[in-house]
Amino acid sequence: MQAQFSGKAELLILLNRTLSHLSFMPSTILSIAKPDFALTALSRMASDVFQLRIGFVNVFFIGKKSKWFLIDAGFAPVNANLIVRTAASVFGKSNPPQAILLTHAHFDHVGALESLVNKWQVPVFAHPLEVPYLNGGASYPPADPAVGGGAMSVVFSRFFPVGPFTLNYPVQNLKEGPFGPMPGWDVIDSPGHSPGHVSFYRKKDGVLLSGDAFITMNQESFFSSALTHLPEIHRPPAYFTQDWEKAMASVRTLAALKPLTVASGHGQPMKGKPMQNALHKLAANFKDFIPARGRYVKQPAIFDETGPVFVPPRVWDPIFPWLGGIALATLVISLLSQTLSRSSASEKRV
Ligand SMILES: [Zn+2]
Ligand SMILES: [Zn+2]
């Protein structure tokens, strides 16, 4: 099932896999294209569907000049400029979208939302179970660095914001089923990674925007996330996934659609038989891709429309003492070097 590559691409794939295994990630499922080092990239997945990569996340433009929609909103307020500029190049200047739709409200999908609504003043849609994290009502439960999977999980996820984000703007409910303003597109409930996560699917040409329900690169690996963006069908980002049973059911729901082209919150768009096989494999064997341990592995977090109502206790985090040790060693070294430089300065004065 593995596609053949030559030269640098093969080396990078090998390196990526080696680093992933060293960091206890479940084995990579499938890589079917070349690495892509671009920090920003606009890809066309269908005549009226575009993916804009902004660093490690994606946003999507759906539609034509006469009527278009934005899906998700980047990871930082500063992304608003790029989104507006790119939208203008595709749909023309001063042509705002009909609405902004959110797959979910994690920080890396709503970063520029406030800046964009301030500029465009268009309706915002999200599933009701995501609204508390947008309107200041609640924070998501903490990320789970104990799941392993790579440096993004083990180290960086500790510092990812979980809200609450205070968007002073009305958010309308996104309901499962056909989304009227975008004819042909269905909203598919795909919870698990987050409580009210949704995906978007168009049956006519089999285009699926999965959000983070499954993704198309290994977002948990810093190497893949920051550098290569190697395409692969991958479980949802583990550090933020808080109900693994629901995440499994969602992947199975999405795989059963038999999409022809998929794109997600992280990674390159993928299509064709190898992608379909990899998605089928992830759905069929999902239990093998649930982390062996982690805060939300044995017990999920439970949510209602006001926010989390139950959050499992923290589990033993093997990396934490190491990080504490490194911080302590850094402090001791810096205090020692300050003391030494002070004493050598006073020796010189004598
Ligand atoms: Zn997410
Ligand atoms: Zn994400």
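Scroll up to find the structure this text is about.
The structure contained in this document is the topic of the report that follows.

1. Focus: the sheet that holds strand β6 (residues 124–126)
Taken in spatial order, the 7 strands of this open sheet run β1-β2-β3-β4-β5-β6-β7, and their pairing is mixed. Whereas interior strands pair on both sides, the edge strands pair on one side only; in this sheet they are β1 (40–46) and β7 (171–173). On average, each strand axis in the sheet is inclined to that of its neighbour by 25 degrees, with strand direction left out of account. In terms of strand pairing, strand β2 (residues 49–54) meets strand β3 (residues 57–64) through 6 bridges, oriented antiparallel. Residue valine 49 lies in a different strand from β3, and its bridge partner there is isoleucine 62. Along the sheet, helix α2 (residues 79–91) contacts β1, β2, β3 and β4 (67–71); its crossing angle with β2, the most-contacted strand, is approximately 150 degrees.

2. Side note on helix α4 (residues 113–120)
Of the residues making up α4, those classed as buried are Leu113, Leu116, Val117 and Trp120. Seen along its axis, α4 keeps its buried residues to an arc of 95 degrees; they face one direction. As for α4, its buried residues are in contact with α2, β5 (99–101), α3 (107–110) and β6. Looking at the residues trailing α4, positive phi occurs at glutamine 121, about 55 degrees.

3. Thoughts on the sheet that holds strand β9 (residues 185–189)
In spatial order, the strands read β8-β9-β10-β11-β12-β13; together these 6 strands make up an open sheet with mixed pairing. With one partner strand each, in any of the chains shown, β8 (177–178) and β13 (270–271) form the two edges of the open sheet. Here β8 runs beside β9; their pairing, made up of 2 bridges, is antiparallel. From the neighbouring strand, glycine 177 faces β9, where its bridge partner is valine 187.

4. Focus: the environment of tryptophan 185
Its location among the elements puts tryptophan 185 in strand β9. For tryptophan 185, a count of 23 C-beta atoms within 10 Å translates into the label buried. Sequence spacing of tryptophan 185 and lysine 203 is 18 residues, and the spatial spacing of their C-alpha atoms is 7.4 Å. Residues in contact with tryptophan 185, not counting those within four places in the same chain, are Phe179, Phe200 and Arg202.

Rules and cut-offs
Residues numbered from 1 in each chain as written. Chains lettered and ligands numbered in written order. Predicted model: local features only at pLDDT ≥ 70, side-chain atom pairs only at ≥ 80, totals over all residues. Pairing = 2+ DSSP bridges. Helix = DSSP H or I, 4+ residues; strand = E, 2+ residues; numbered from the N terminus. Axes fitted to C-alpha atoms, helices over the stretch in contact; angles between N-to-C directions. Contact = placed C-beta atoms within 7 Å. Buried ≥ 20, exposed ≤ 12 C-beta atoms within 10 Å, placed from the backbone. Arc of directions from axis to C-beta.

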